[in-house]
Structure formats: structure tokens, C-alpha cells
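A structural walkthrough
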Amino acid sequence: MSRRSLCSWQNGANKMIGVLALQGGFIEHIHALDRLGTAAFEIRKKADLDNKSIDGLILPGGESTVIGKLLRDLDLFGPLQKLIHHGTPAFGTCAGLILLAKAIANDPNEYLSAMDITAQRNAFGRQLGSFHTSGHFAGLGKIPMTFIRAPFIAAANDSVEILSEINGHAVAAKQGHILVTAFHPELTEDLSVHRFFLENC
Amino acid sequence: MNDRYELNKNLAQMLKGGVIMDVTNPDQARIAEKAGACAVMALERIPADIRAAGGVSRMSDPKMIKEIQIAVSIPVMAKVRIGHFAEAQILQAVEIDYIDESEVLSPADDKYHIDKMKFSVPFVCGAKDLGEALRRIAEGASMIRTKGEPGTGDIVQAVRHMRMISQQIRRLQNQREDELFHAAKELQVPYELVKYVHDYGKLPVVNFAAGGIATPADAALMMQLGAEGVFVGSGIFKSGDPGRRAEAIVKAVTNFNNAKLLASLSEDLGDAMVGINEQEIALLMAERGK
């Protein structure tokens, strides 16, 4: 449903991206998309998905326990899982990575279970462990990366392409139409990861 | 500004649209996390009880804070007295995620706030108006909250502070650039911060509402007035059914413009905290630390 013609892949100009806006840093994603000339709308409740053609979904950073709970309480869980299952491109940052993972190493909760990765929550420790660095991202070269109480990818299936590693830990990956980063591209001026999502997922 | 300060502002950005709940033990912390709190504030007594008990109120026992850190996976915050940088050093040593330099506790210094730039952990501070907010930011606060009267269940002061800050921001936005130097003098804050507010029409850090929030409607009111999230202190664990009320307030913050949902969230919550009206209070905590 979301696979448009090749020309619309070249840029995000014709796309409409839904950004999950239950809690956390969703407005930063909308600003990043705006700077790329891509339209976006907020998803706060089920009705926000009605009568919309949606070309991609962004799951922002925040607290995965909060967003995961609200997904269920506000009846968004089923509709979003269905969208992703049917091929709508999805991009999760930080908490969004945790929501998309099929397993979480240190948390019994399970959320959208869309990607064959095991996430490790708060993998770099508490806020004192948060850090900013620059690292290599496959196809994009060196990009700035901000990690806030971030997870990493502790394990991944063979069909998952690891796009970036920091200190030996996988921090970005892609599986088909799903992209995840443990860091927050939306908190930096760099738009290359958002562009990557619009062009490759 | 260094990396650390940016990272600390970034954590506050990730708390936006969320509810930070006061808790006094691991059980309450777990109830708060389960109800959808985006962070918990660990303290020995909630503000309503601090107000009732009287006496000097201080930083919590680090052992209790550590137990709460083990009990939940969300960020854990804790309060220090205004100006008490040694308490802040202790909280940094136990790797707290955010320090609230708070008027709820008895002030340790009646003149100077903590030099928060000296710390690696982030600070949130209260503000009644734009001058206070920008002075705290100049000292290194990476998040601001209103100073609504704690432990009262009365929203009037939080509303007053939020409106005041918003009005003063709009006034600065409308001023000519050559008037900003004088505005900085009047507000008693650095010119660079005044210029930022003039240019962007907002504070350079995240701004939450705090003090007196007791119902989903209170939370929605503060969000519609421009708060980016809310702190709920006594309102939850002084009410009849804390878990249920906490969940309702979390949902109200996410859908603060959806009156139909707010109506259903407001049903059957049990008793709200009794509260005290502003005029009935002898001690105005918001007047501590300007």
C-alpha cells in the first residue's frame, strides 16, 4: 500500500508520515521532516488514522513503558501493528527501537514485535551514561549521534542489516521496511538518517 | 554550552508529554510506572504531608532513593534544598537522573541557588515568572517547572505562573531588538537568554507545570496553557484510588485537547485529594528562592 512509484522515492516531498505523538520527542521528528519538505501528522488516538493515506510511521523517543501502555489504552496497538505488518515503512528511535523489537533482554514487556532484534533497555546506564559522539552509519559516513539513556541491539537475526556500531554495540539496523536507531537523529541538525528512511524504507 | 548541558536538556525533551509523579517508596514507584509515569520523584514525604508536619524538610535518604532506582526502569528524580550544593553532590553520587532544586524543601540558602553548571547531572527548578525561569537557566537548570503551591491541590498558582511566563515571552517577542538590553536589565537575566526568547518565542529548555494538579482536567488545563508535561505530587497518592487517577492523568496529558476523552477519563476516579485553598495557607512555598 505504501510502495509508491520510483520517482517518489527520490525525495520525501510527496509522502505523508504519521508520527506517534503519545509521549516524548515527537515534535523534533516533525520538525526534521518539515525541513526535508515532507508532510507529517500526529497520531494521538485511533481516529487520527482514519481516512489517511500513510506512507511511513515514526515511533519517537520517550519512555517505552509509557508509550507502550498508551498504545494499548488508546486502541492504537492493533491498527499500528497491522500497518507495519502490511508493509508501511517504520522508523523507531530510542524508545521506538524498543517498541519495534521482538524481544527486550531486560524487560518482560513486549510491544509491536515487528523486527527480529533483541533490545537492551538503558544499556549505557542512567543519565550520567548519556553521551554525544559521531559514528559511522552504513552509506551515510560519519554522522552525529546523541544517546539519551539509550538502548542498544543486543542480538539480531541474520536478516537484519546492522547499519552502525558504537563500542562494539549495534545502534542502528534495518530489516526490510523497518529502520531503528538507538540514538536520536532528531536531536541533531543532521537530516541524513531521516532522508535515509524516506528513500530506503 | 557543553555537551553535558545539551544532553541534559535532551533528556527533558524526552520527558515531554509525560507525567512525573511524586513517590515515597518502591511500591508507590511501581504503581506510578505501571500507570504510565514518564519519571518518578523520590521523596520521603509528599508535599501535603510536609506541609502538615511542618519543621525543616531535607533531601531524602539515599537508601530509599536507591531502592526506588532498583524498583523501576524509568528516570528517577529527587529533591534538594535551594542552595544546598552538598545535597546535590550526594544525589549525583547515587547517579540520580534529575535533581529538583525545590522550594518544597526548606531553603538552605536564602540568597544563592546552586551553581548547576558545576554538575554533570541535570537540574529542574521552579519559576513563577520569566525572570526567575531565565535566572535558573543561567545558573544551569536544563528544565523549568511552574512553582504552583505544592501540597494544596489548588491549581490557581500554577495557572498564574504559566500565564505570567507566557505573557512575558510574548511581550519580549514583540519588542524591538534595541529594547532587549533594557529588558535584560529589568528581568535581571543575561542578555543572551533574553535574545533567545525574543527570537524563538519560547524558553531555551522544556517547561512543565507543577503544583496543585489533582485531576485529569487540571492536567489538561495546564497543557492547553502551554505546559509541555506535568508534575503531580500529592494529587495521586493523597487520592482515593491512586493507580486509577494516575492512569487518567497520563491519558489526559497525551490527549489534552480531546474533551470527549477527558470526560470519560474524569468518571469514577474516587475521591480527589481534599486540598487547601490558597487563602487558607500560612506558608507560601512559592515565595522561597527567587
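First, a word on what this report is: a plain description of the structure on this page.

Calculation criteria
Residues numbered from 1 in each chain as written. Chains lettered and ligands numbered in written order. Predicted model: local features only at pLDDT ≥ 70, side-chain atom pairs only at ≥ 80, totals over all residues. Heavy atoms only, no water. Helix = DSSP H or I, 4+ residues; strand = E, 2+ residues; numbered from the N terminus. Rg over C-alpha atoms; globule rule 2.2 N^0.38 Å. Buried < 20%, exposed > 50% of the residue type's maximum accessible area, 1.4 Å probe, protein only. Areas by Shrake-Rupley, 256 points an atom, 1.4 Å probe, with all protein chains shown as cover. Lys, Arg positive; Asp, Glu negative; His and termini not counted. Charge placed at Lys NZ, Arg CZ, Asp CG, Glu CD. Contact = heavy atoms within 4.5 Å. Buried area = accessible area lost by both parts, 1.4 Å probe. Salt bridge = Lys/Arg side-chain N within 4 Å of Asp/Glu carboxyl O. Polar contact = N/O pair within 3.5 Å; in protein donor to acceptor, adjacent residues only side chain to side chain. Nonpolar A, V, L, I, M, F, W, Y, C, P; charged D, E, K, R; others polar. 1 Å grid on protein atoms, 1.4 Å probe; cavity = no way out; pocket = protein on both sides within 12 Å on 5 of 7 lines; lining within 4 Å. Points joined across faces, edges and corners; volume = space filled by probe spheres on them.

Next up on the list: the overall build of chain B. When helices and strands are tallied, chain B shows 13 helices and eight strands. Computed over its C-alpha atoms, the radius of gyration of chain B comes to 18 Å, within 12% of the 19 Å expected for a compact globule of 290 residues. Seen through its principal axes, chain B has C-alpha atoms that stretch 55 × 45 × 40 Å. The proportion of buried residues among the 290 residues of chain B is 61%. In the form shown here, chain B has an accessible surface area of approximately 11,500 Å², with 49% of it arising from carbon and sulfur atoms. Put simply, chain B has 35 plus and 39 minus side-chain charges, and the middle of one group is 1 Å from the middle of the other.

Moving on: the overall build of chain A. Each helix and strand counted, chain A has six helices and twelve strands in total. What you see for chain A is a C-alpha radius of gyration of 15 Å, in line with the 17 Å of a compact globule of 201 residues. Projected onto the principal axes, the alpha-carbon positions of chain A cover approximately 40 × 40 × 30 Å. Out of the 201 residues belonging to chain A, those deemed buried represent 60%. When contacts within chain A are restricted to residue pairs at least 6 apart in sequence, those whose partners lie at least 24 apart make up 63%. Carbon together with sulfur atoms contributes 47% to the accessible area of chain A, which is approximately 7,500 Å² in total. Placing the 18 positive and 19 negative side-chain charges of chain A at their respective mean positions leaves the two points 2 Å apart.

Turning to the interface of chain A and chain B, a few remarks are in order. Contacts between the two partners involve 33 residues from chain A and, on the opposite side, 37 residues from chain B. Taken together, both faces of the contact between chain A and chain B bury some 2,700 Å²; the carbon and sulfur share is 56%. Here chain A is connected to chain B by five salt bridges. Taken together, the connections running from chain A to chain B amount to 22 residue pairs in polar contact (both at pLDDT 80 or more). At the level of elements, α2 (26-35), α3 (64-73), β7 (131-137) and β8 (141-147) of chain A are the ones that each hand at least two residues to the side of chain A that touches chain B. The element contributing the most residues to the side of chain A that touches chain B is α3(A), with five residues. For the side of chain A that touches chain B, the class distribution of residues is eleven nonpolar, twelve polar and ten charged.

Residue and element names in this part refer to chain B. With eight of its ten residues buried, helix α6 (residues 130-139) lies for the most part within the structure. Burial in α6 covers these residues: Leu-130, Gly-131, Glu-132, Ala-133, Leu-134, Arg-135, Arg-136 and Ile-137. Each element contacted by the buried residues of α6 is listed here: α1 (3-15), β5 (123-127), β6 (143-146), α7 (156-173), α8 (180-187) and α9 (191-200). Two to three positions downstream of the cap, the backbone nitrogen of Gly-131 sits 3.2 Å from a side-chain oxygen, assigning the N-cap of α6 to Asp-129. Two residues or fewer after α6 comes Gly-140, characterised by a positive phi angle close to 120°.

Its boundaries defined by the atoms lining it, the largest pocket holds a volume of some 1,400 Å³. Taken together, 50 residues make up the lining of the largest pocket; nearest its centre are A:Ile27, A:Glu28, B:Gln13, B:Lys16 and B:Lys202. Of all the secondary-structure elements, those providing two or more residues to the lining of the largest pocket are α2 of chain A together with α1, α7, α9, β7 (206-208) and α12 (242-254) of chain B. Quantified by volume, the second largest pocket comes out at close to 260 Å³.

Okay, empty space enclosed by the protein next. Residues and elements named next belong to chain B. A complete count under the given rule lists four cavities of 30 Å³ or more for this structure. Estimated volume of the largest cavity: approximately 210 Å³. Every residue lining the largest cavity is counted, 23 residues in all, and those nearest its centre are Pro-47, Pro-150, Ala-210, Gly-211 and Gly-233. At the level of elements, β8 (230-232) and α11 (234-237) are the ones that each hand at least two residues to the lining of the largest cavity. Classifying every residue of the lining of the largest cavity gives nine nonpolar, nine polar and five charged. Volume-wise, the second largest cavity comes out at about 130 Å³.

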